[in-house]
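Here are the chains, one letter per residue:
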Amino acid sequence: MMLLSMTMSIVVGIIVATWIPNMVISTILAIVVSAIFAFAMTYKLPIAILLESFGALLMGGMMGAMLSIMTTSYATLSCVFFMLLYIATMIVSIGLWNREDFPQFQKAIPPAVYSASVIAIVLLMAVSAIDFVEQEPMSEVEHEHHHHEHDEHCCCGHH
């Protein structure tokens, strides 16, 4: 449960900090949203599991918000990586949870979980591809402009 809560809250922290680029506000909001999700995930489970989950989400929400705010050029990669990590963690956790009822690991995971995971991964890849395509490379004119600005401020005396 700790691994599942941690990966979930990292993803929530990354997403919240993308929308609200303030470290304190995004961390608080990530923890609150993650706590709601953790409560929903652990509903009707023993209180020890809920407490373990809450402990992990405090750290995960903070780490996700910090990672998102500190990331400059790899924000999409960060979000995709942690989303995929969360999906993999969820599948493995469900398989291990149902291990007593289903000795074969693949059968312990309900088909709906596989379907939802595949749909989530396809959507994640589509959004990532769109984001990648929409990022415009620096044009040659902009590159020349930045190059001349650098030359004007060069400390070696060449202008």
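Preceding this paragraph is the structure being described.
Keep in mind the model is a prediction, meaning the values are calculated, not measured. (Residues numbered from 1 in each chain as written. Predicted model: local features only at pLDDT ≥ 70, side-chain atom pairs only at ≥ 80, totals over all residues. Heavy atoms only, no water.)

### Quick look at the nonpolar core
Within soluble globular proteins, side chains that are nonpolar tend to cluster in buried spots.
Right, on to step 1. With 15 residues, the main nonpolar core has M8, I10, V12, F82 and Y86 as its most contacted residues.
Right, on to step 2. Looking at this core, the elements with two or more residues in it are α1 (2–19), α2 (23–41), α3 (47–70) and α4 (75–97).
Right, on to step 3. When residues of this core are assigned to their parent elements, the largest contribution, eight residues, is made by α1.
Right, on to step 4. Aside from chain neighbours lying at most four places away, what touches V12 is A30, V33, S34 and F37.
Right, on to step 5. Listed in part, the five residues of the second largest apolar core include I87, I94, I109 and V113. (Core = buried A, V, L, I, M, F, W, Y, C linked by side-chain atoms within 4.5 Å. Buried < 20%, exposed > 50% of the residue type's maximum accessible area, 1.4 Å probe, protein only. Helix = DSSP H or I, 4+ residues; strand = E, 2+ residues; numbered from the N terminus. Contact = heavy atoms within 4.5 Å.)

### A closer look at α3
Every α-helix carries 3.6 residues per turn, so stepping three or four residues along brings you back to the same face.
Right, on to step 1. With 24 residues, α3 should cover 34 Å at 1.5 Å per step; its first-to-last C-alpha distance of 35 Å lies within 8% of that length.
Right, on to step 2. Taken as a whole, α3 has its buried residues at L50, S53, A56, L57, G60, G61, G64, A65 and S68.
Right, on to step 3. Residues of α3 that are buried sit in contact with α1 and α2. (Expected span 1.5 Å × (residues − 1).)

### A closer look at the packing of α2 against α3
Right, on to step 1. In the contact formed by α2 and α3, the axes pass within 8 Å of each other and the chain directions differ by 145 degrees. Relative to α3, the crossing made by α2 is right-handed. Across from M23, S26, T27, A30, I31, S34, A35, A38 and F39 in α2, the residues of α3 making contact are L50, S53, F54, L57, L58, G61, M62, A65, M66, I69 and M70.
Right, on to step 2. Along the lines of polarity and charge, the residues of the contact of α2 with α3 split into 15 nonpolar, five polar and no charged. (Axes fitted to C-alpha atoms, helices over the stretch in contact; angles between N-to-C directions. Left-handed = near helix turned anticlockwise from the far one by under 90°. Nonpolar A, V, L, I, M, F, W, Y, C, P; charged D, E, K, R; others polar.)

### Quick look at the packing of α1 against α2
Between two packed helices, the angle of one axis relative to the other and the distance separating the axes together describe the packing.
Right, on to step 1. Running from N to C, α1 and α2 cross one another at 140 degrees; their axes reach a closest spacing of 9 Å. Between α1 and α2, the crossing angle belongs to the class labelled oblique. In the packing of α1 onto α2, the handedness of the crossing is right-handed. Residues L4, S5, M8, S9, V12, G13, V16 and A17 of α1 form the contact with α2, whose own contacting residues are S26, L29, A30, V33, S34, F37, A38 and M41.
Right, on to step 2. Grouping the constituent residues of the contact of α1 with α2 by class yields 11 nonpolar, five polar and no charged. (Parallel < 35°, antiparallel > 145°, perpendicular 65-115°, else oblique.)

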